[in-house]
Amino acid sequence: MKLEKDWTNETGIFFENEIAIGDFSYLVIFGYHVNGGWICVPNHSWGCEASDSTYEIEFNTDKLVGAGASPEVAKQIARYIDIWLQENQEEVIKIRMKAHDRMMERFHDQMMKNLQGGKTNEKI
């Protein structure tokens, strides 16, 4: 196995909240990575890609259903995420911009090393 790229510095968690839906509790961890968002519901063994943009309830619902959630539970979790994103929009933008800036700084540093005769096959 070969590591292609390490995006760890551009990954994080927006929130980890326990949500009650009907008679069940769902530990929802909603985060971001270099290309978008992700949802993990570990107490039900669900995990999927997600949109970290507002008004993407249908997309996130579909992804959660694909991960094993019932359509109604998936829709409730997706609604919760959408409300959270709307209420925290400024903070989300700041978080995503910081991650983007870190990625661009790493890219710039690696390019400068390459230009100065450093290793050209080093992963960015």
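Only a predicted model underlies this, so the values are computations on that prediction, with no experimental measurement involved. (Residues numbered from 1 in each chain as written. Predicted model: local features only at pLDDT ≥ 70, side-chain atom pairs only at ≥ 80, totals over all residues. Heavy atoms only, no water.)

This prediction gives the protein a mean pLDDT of 88; 94% of its residues lie at or above 70. Confidence scores differ between elements of the protein, with helix α3 (residues 89–115) showing the lowest mean pLDDT of 82 and helix α1 (residues 57–67) the highest of 98. (pLDDT = per-residue confidence, 0-100. Helix = DSSP H or I, 4+ residues; strand = E, 2+ residues; numbered from the N terminus.)

Before going further, it helps to spend a moment on unusual backbone geometry. The backbone phi angle of S45 is positive, close to 60°, even though this residue is not glycine. Tracing the sequence through the fold places S45 in the loop between β3 (36–41) and β4 (46–50). Unlike most non-glycine residues, Y55 shows phi in positive territory, near 65°.

So, about the pairing of β4. Taken together, the five bridges between β3 and β4 define a ladder with antiparallel strand orientation. Paired with V41 across the strands is W46, a residue of β4. From the end of β3 to the start of β4, which pair antiparallel, there are four residues, and S45 there has a positive phi angle of about 60°. (Pairing = 2+ DSSP bridges.)

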